[in-house]
Amino acid sequence: MPPPTAWPLARVLAHRCGGALAPENTLAGLDAAAACGCRGVEFDVMLSGDGSPVLIHDETLERTTSGRGRVADAGDEVLRGLDAGAWFAPRFAGEQIPFLDACAARCRALNLSVNLEIKPSTGYEAETGRVAAGHARRLWAGALPPLLSSFSEEALAAAAEAAPELPRALLVERVPHDWRERCARVGAVALHAEATSLDRGVVEAVRATGLWMASYTVNAIEYAEMLFEWGVDCVITDRPDRVRAPSSPLAGRS
Ligand code: G3P
Ligand code: MG
């Protein structure tokens, strides 16, 4: 049984907002993705020390911002004062860590479909899932809802409780032997796996159960074409300016 309906998001999503075109997890990244014709994005959401959902990948601030220490220990005002663009290139100096509400407004204005990855700081798995889902429900009301994904099943379970109507995806590096049970446990509609761990057989087995399949991080055009040919529904890429969705619709889809 292939998935009953077509994958709802863009089939190519820019990784961490703008992939390699802009500093990760910033509004500039959303602009860059849209500017090159990409129609969807993936980004990472974590809670600040005040419990606000913000876009950032690492649990600590050092790599991508001018700050120091743990995101979970930094209050909103501290985060608002940090530079999240200069590390990437001087022309992005002044770019801030986006709060999820500003990100949602920009995605909606740019008409970008969204895979919101719930990325909890250690120890905040359930709270991050609950808060991210609650905000997503409100911020995307009346629009195509974001697909919530996470490596944390605890976060996905909390998201399901907070906003059961929002679609969820289990995120894995390698597809585990018990992927069916794990997806079922969190009510996932999709499995997202690291691309090099996949082969045609795995993709077909996942899709045969009615789950959608997405893969990351796919930067080579030929590799993306192969994954789409295997039946992968979506690729997440650092090169949204290069990687393109196939023009023909998937066989067996409505
Ligand atoms: O959601 C796919 C991908 O973003 C997962 O890896 O570490 O880039 O968040 P990471
Ligand atoms: Mg991510």
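All of the points below concern the structure found in this document. (Residues numbered from 1 in each chain as written. Chains lettered and ligands numbered in written order. Predicted model: local features only at pLDDT ≥ 70, side-chain atom pairs only at ≥ 80, totals over all residues. Heavy atoms only, no water.)

Let's shift gears to the overall build of the protein. Across its full length, the protein carries eight helices and nine strands. In terms of overall dimensions, the protein is globule-like: its C-alpha atoms have a radius of gyration of 17 Å, near the 18 Å expected for 254 residues. Expressed as lengths along the three principal axes of its C-alpha atoms, the size of the protein is roughly 50 × 35 × 35 Å. Expressed as a percentage of the 254 residues in the protein, the buried residues total 55%. Taking the contacts inside the protein whose residues are at least 6 apart along the sequence as the reference set, 59% of them involve residues at least 24 apart. Here the protein has roughly 10500 Å² of accessible surface; of this, 53% comes from carbon and sulfur atoms. Both charge centroids of the protein, one from 25 positive and one from 33 negative side chains, sit 5 Å from each other. (Helix = DSSP H or I, 4+ residues; strand = E, 2+ residues; numbered from the N terminus. Rg over C-alpha atoms; globule rule 2.2 N^0.38 Å. Buried < 20%, exposed > 50% of the residue type's maximum accessible area, 1.4 Å probe, protein only. Contact = heavy atoms within 4.5 Å. Areas by Shrake-Rupley, 256 points an atom, 1.4 Å probe, with all protein chains shown as cover. Lys, Arg positive; Asp, Glu negative; His and termini not counted. Charge placed at Lys NZ, Arg CZ, Asp CG, Glu CD.)

Our next topic: the site of ligand 1. The environment of ligand 1 is formed by His 15, Arg 16, Glu 42, Asp 44, His 57, Glu 117, Lys 119, Phe 151, Leu 171, Tyr 216 and Ile 236. At 2.7 Å from an oxygen atom of ligand 1 is found a side-chain nitrogen or oxygen belonging to His 15. Contact distances for ligand 1 include 2.6 Å between an oxygen atom and a side-chain N or O atom of Glu 42. When ligand 1 is considered free in solution it has 290 Å² of accessible area, and contact with the protein chains removes 91% of it. (Near = heavy atom within 4 Å. Polar contact = N/O pair within 3.5 Å; in protein donor to acceptor, adjacent residues only side chain to side chain.)

Protein coordination of the magnesium ion (ligand 2) is provided by Glu 42 (OE), Asp 44 (OD) and Glu 117 (OE), with donor distances spanning 2.0 to 2.1 Å. A residue is classified by how much of its surface remains accessible, and Glu 117, at 5% relative accessible area, is buried. (Donors = N, O, S within 2.8 Å, 3.2 Å for Na, K, Ca; no water.)

Okay, empty space enclosed by the protein next. Rolled over the atoms, a probe with the dimensions of a water molecule shows which regions are left empty. Here the structure, examined in full by the defined rule, presents one cavity of 30 Å³ or more. By volume, the largest cavity is sized at about 50 Å³. Considering the residues around the largest cavity, the lining is formed by Glu 24, Asn 25, Thr 26, Leu 55, Ile 56, His 57, Thr 64, Thr 65, Ala 84 and Ile 97. Of the residues belonging to the lining of the largest cavity, the class tally is four nonpolar, five polar and one charged. (1 Å grid on protein atoms, 1.4 Å probe; cavity = no way out; pocket = protein on both sides within 12 Å on 5 of 7 lines; lining within 4 Å. Points joined across faces, edges and corners; volume = space filled by probe spheres on them. Nonpolar A, V, L, I, M, F, W, Y, C, P; charged D, E, K, R; others polar.)

Below, the discussion takes up the environment of Thr 65. Relative to the assigned elements, Thr 65 resides in the loop between β3 (53-55) and α2 (76-80). Residue class for Thr 65 comes out buried when judged on its relative accessible area of 9%. Between the C-alpha atom of Thr 65 and that of Ala 105, which follows or precedes it by 40 residues, the distance is 22 Å. In this structure, Thr 65 is in contact with Ile 56, Leu 82, Asp 83, Ala 84, Trp 87 and Ile 97, ignoring residues within four places of it in sequence. At 2.8 Å, the side chain of Thr 65 and the backbone oxygen of Leu 61 are in polar contact.

Let us look at the environment of Pro 240. Mapped onto the elements of the fold, Pro 240 is located in the segment after β9 (234-237). Once the C-alpha coordinates of Pro 240 and Ile 97 are considered, the two residues, 143 residues apart in sequence, prove to be 21 Å apart. Sequence-distant contacts of Pro 240, that is, excluding residues within four places in its chain, are made with Ala 14, Gly 18, Leu 21, Cys 36 and Cys 38.

Turning next to the side chain of Glu 153. Summarising the element assignment, Glu 153 is placed in helix α5 (residues 153-162). Within the structure, the side chain of Glu 153 is placed 3.0 Å from the side chain of Arg 185, a separation counted as a polar contact. If near-sequence neighbours (up to four positions away) are discounted, Glu 153 is found in contact with Leu 170, Arg 182, Arg 185 and Val 186.

Glancing now at unusual backbone geometry. Cis geometry is found at the peptide bond from Tyr 216 to Thr 217, where omega equals -20°. Position of Thr 217 among the secondary structure elements: in the loop between β8 (212-216) and α8 (221-230). Positive phi, close to 55°, is recorded for Asn 25, a residue that is not glycine. The topology assignment puts Asn 25 in the loop between β1 (12-14) and α1 (27-35). The backbone of Asn 111 sits at a positive phi, close to 60°, despite the residue not being glycine. With respect to the element layout, Asn 111 can be found in the loop between α3 (100-110) and β4 (113-118).

Core analysis: the biggest nonpolar cluster contains 29 residues, and Val 41, Phe 43, Leu 100, Cys 107, Leu 116 and Trp 140 have the highest contact counts within it. For this core, the elements supplying multiple residues, two or more each, are α1, β2 (40-47), α3, β4, α4 (125-139) and α5. Once residues lying within four places of it in the same chain are set aside, the contact partners of Phe 43 are Arg 16, Cys 17, Asn 25, Leu 55, Leu 100, Cys 103, Cys 107, Val 114, Asn 115, Leu 116, Glu 117 and Trp 140. (Core = buried A, V, L, I, M, F, W, Y, C linked by side-chain atoms within 4.5 Å.)

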